[in-house]
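Reading the structure
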Amino acid sequence: MSHDNRSCLNVSDPESSNVSEFQSSLLEAFSKTVQSLMRILHEEFEALKHFQSDRLLELLPEKEFLIQRMTQMLGELERIGEEDTTLGESESVKTFMGNLLEIERMNRMNHVLVEGSLEYCREYLNVLVGGSYSGNNSNPLSKMSLKGLRVSREI
């Protein structure tokens, strides 16, 4: 994170900076954060698609950081929007709202892939273990008819 991006989050003295300059720098930092998060979500999708769990674990800290940062910036933008009602009408804010919807869609799609992968693993374990994970306590071998079967031993 560059110093400029950090400073736009922590400006609390309105006299130290023009409000419109602050809005502009905040919107620019927010735009970069949104683009970075969209990139991470795309990389997460590719890792999920190819069952790359190590890559997923690499992406997770950056994803969490970007979400936290974006949340802070949204809070600051909401605060500014309460003071300046024209902010919500600006094209850049409308673009960001569209990007936020795209982030939500991408994250939902990744969630579906994760759920599908987990279901695949559950079913695979059920095949390997038998009925022990299915919730019923009956032994599948006890249902098999063993009558008439004989074990012979040859040396």
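Throughout what follows, the structure given in this document is the object of discussion. Note that the coordinates shown come from a computational prediction; the quantities given were computed from them, not determined experimentally. (Residues numbered from 1 in each chain as written. Predicted model: local features only at pLDDT ≥ 70, side-chain atom pairs only at ≥ 80, totals over all residues. Heavy atoms only, no water.)

The subject of this paragraph is the overall build of the chain. Of the regular secondary structure elements, the chain holds 5 helices and 0 strands. Traced from its N-terminal end to its C-terminal end, the chain shows the element sequence α-α-α-α-α. Within the chain, the proportion of its 155 residues that are buried is 25%. Intrachain contacts of the chain at a sequence separation of at least 6 include 71% that bridge at least 24 residues. When the accessible surface of the chain is totalled, it reaches about 11500 Å², and 55% of it is carbon and sulfur. (Helix = DSSP H or I, 4+ residues; strand = E, 2+ residues; numbered from the N terminus. Buried < 20%, exposed > 50% of the residue type's maximum accessible area, 1.4 Å probe, protein only. Contact = heavy atoms within 4.5 Å. Areas by Shrake-Rupley, 256 points an atom, 1.4 Å probe, with all protein chains shown as cover.)

This part covers the layout of surface pockets. Gaps between atoms show up when a probe of the same size as a water molecule is rolled over them. Estimated volume of the largest pocket: approximately 180 Å³. If you trace the largest pocket, you find it lined by L48, F51, Q52, S53, L56, V114, S117, L118 and C121. Of all the secondary-structure elements, those providing two or more residues to the lining of the largest pocket are α3 (53–83) and α4 (91–129). Looking at the lining of the largest pocket element by element, the count peaks at 4 residues for α4. (1 Å grid on protein atoms, 1.4 Å probe; cavity = no way out; pocket = protein on both sides within 12 Å on 5 of 7 lines; lining within 4 Å. Points joined across faces, edges and corners; volume = space filled by probe spheres on them.)

So, about the pattern of salt bridges. Under the definition given, this model contains 11 salt bridges. One salt bridge connects E44 with K63, and the closest N-O pair in it is separated by 3.0 Å. One end of the pair, E44, is in helix α2 (residues 19–49); the other, K63, is in helix α3, and 19 residues separate them in sequence. Judged by relative accessible area, which is 12%, K63 ranks as buried. Linking E104 and R108 is a salt bridge whose minimum nitrogen-to-oxygen distance equals 3.9 Å. Placement of the pair is E104 and R108 together in helix α4, with a separation of 4 residues, close to one helical turn. The class of E104 is partly exposed, set by a relative accessible area of 45%. Note on R108: relative accessible area 47%, which makes it partly exposed. Among the charged side chains, a network of salt bridges with common partners joins R39, E43, R55, E58 and E62. (Salt bridge = Lys/Arg side-chain N within 4 Å of Asp/Glu carboxyl O.)

A few words on the packing of aromatic side chains. Within this structure, the stated rule accounts for 3 aromatic pairs. With a centroid separation of 5.1 Å and 80° between ring planes, the pair formed by F30 and F96 is classed as edge-to-face. Here F96 lies in helix α4 and F30 lies in helix α2, a separation of 66 residues in the sequence. Each of the two residues, F30 as well as F96, counts as buried. Both rings, one in F51 and one in Y120, keep their centres 6.4 Å apart while their planes meet at 40°; by these two values the pair is tilted. Of the two residues, F51 sits in the loop between α2 and α3 while Y120 sits in helix α4, which places them 69 residues apart along the sequence. (Phe/Tyr/Trp six-rings, centres within 6.5 Å; stacked < 30°, edge-to-face > 60°.)

On to unusual backbone geometry, then. Unlike most non-glycine residues, F51 shows phi in positive territory, near 55°. Relative accessible area serves as the criterion here: at 63%, F51 is assigned to the exposed category.

Turning to α3, a few remarks are in order. Counted at 1.5 Å a residue, the expected span for α3 with its 31 residues is 45 Å, and the 45 Å between its end C-alpha atoms agrees. Along α3, the helix axis deviates most sharply at L59, where the bend reaches about 30°; the proline P61 sits within four residues downstream. (Expected span 1.5 Å × (residues − 1). Bend = angle between axes of the 7 residues up to and from the residue.)

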